[in-house]
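Okay, here's what each chain looks like letter by letter:
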Amino acid sequence: NEKAAVLRGHEARVRRVTFSPDGTRVASASYDGTTVSLWDAATGEELAVLRGHDDRVSQVAFSPDGATLATASWDNSVRLWDAATGEELALLGGHGAIVSDVAFSPDGTRLATGSLDKTVRIWDASSGEELAILRGHKRGVLYITFSPDGTRLASASGWRRRTDDNTVRIWDVTTGRELTVLTGHEGYIYSVAFSPDGNRVASAGYDKTVRLWNASTGEELACLKGHEEGVFSVAFSPDSRRVAS
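Residues numbered from 1 in each chain as written. Predicted model: local features only at pLDDT ≥ 70, side-chain atom pairs only at ≥ 80, totals over all residues. Heavy atoms only, no water.

S.K.: Lay out the pairing of strand β15 (residues 167-172) with the relevant residues and their values.
M.R.: β15 sits mainly inside the fold: five of its six residues count as buried. With five bridges joining them, strand β14 (residues 152-157) and β15 adopt antiparallel strand pairing. Opposite Ser155, over in β15, you have Arg169 as the bridge partner. Counted along the chain from β15 to the antiparallel partner strand β16 (residues 178-183), the turn is five residues long, and its residue Gly176 has a positive phi close to 80 degrees. (Buried < 20%, exposed > 50% of the residue type's maximum accessible area, 1.4 Å probe, protein only. Helix = DSSP H or I, 4+ residues; strand = E, 2+ residues; numbered from the N terminus. Pairing = 2+ DSSP bridges.)

S.K.: Any details on the sheet that holds strand β13 (residues 141-146)? Residues and values, ideally.
M.R.: Here we have four strands laid out as an open sheet, ordered β13-β14-β15-β16, and antiparallel in their pairing. Edge strands, defined here as strands with exactly one partner in the open sheet, are β13 and β16. Taken pair by pair, the neighbouring strands of this sheet meet at an average axis angle of 20 degrees, ignoring direction. The pairing of β13 with β14 spans five bridges and is antiparallel. From the neighbouring strand, Thr145 faces β14, where its bridge partner is Ala154. (Axes fitted to C-alpha atoms, helices over the stretch in contact; angles between N-to-C directions.)

S.K.: Tell me about the pairing of strand β18 (residues 200-205), and name the residues and values.
M.R.: Counting buried positions over the six residues of β18 gives five, a clear majority of the element. Pairing between strand β17 (residues 189-194) and β18: five bridges, direction antiparallel. Counted as the bridge partner of Val192 is Ser203 from β18. When β18 meets strand β19 (residues 210-214), the two strands line up antiparallel, connected through five bridges.

S.K.: So what about the pattern of salt bridges? Which residues, and what values?
M.R.: The tally for this structure, following the rule as stated, stands at six salt bridges. A salt bridge links Arg211 to Asp207, with the shortest nitrogen-to-oxygen separation between them at 3.4 Å. In this structure, Arg211 and Asp207 share a single accessibility class: buried. In this structure, the salt-bridge partner of Arg211 is Glu220, at a minimum N-O distance of 3.3 Å. With a relative accessible area of 31%, Glu220 lands in the partly exposed category. Linked through salt bridges whose partners overlap, the residues forming this network are Asp165, Arg169 and Glu178. (Salt bridge = Lys/Arg side-chain N within 4 Å of Asp/Glu carboxyl O.)

Listed below in structure tokens is the structure:
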């Protein structure tokens, strides 16, 4: 019943928002420009405004220790920031199109980025060095996520009702090798999640379905129907027994 803080400052709808791992700060990006705001989660005070991108910010992510913030943008770049001061630490260039998603590995040593240039890139999260380029998707990569143990990465792709991709691909993070391709969705895939035990993958798509897969073999375990429009997000419960969409 406590009164919640209201974070005011954006002049357009907020596109992305995420808590720091310790819950003390919030990072947000909106359609009002190229900036990201850092907020005190308890008071709603704006702590810093991160300026540097030349186009809309598409995603924000804190490192597991909360020290670094990564931002992905329509300007084809990713930037790393000091989450305490707002200082820009690194500019990660290389993608040839909009960077749609960014994710830290669970141990914070690596950063993955997905782009509409059809590639996934793996970076050293400390130095910003590019470690690998993962190629295989035939359409833009819309969503990426690490497995709980950080050894694998899942990437989702596709384009509306086109059938030349619409896949989830699972990669070995160390070698960059493609391990398996999850095929079955009839449209692009908005969201992917590993179960906390790492054994299964859930995917949500434009085709109004959620699909469950064996994360090792790529076998489709179930196709969950009921939504009347495209499904935008999917998540496992902490015990890996339930899925919310």
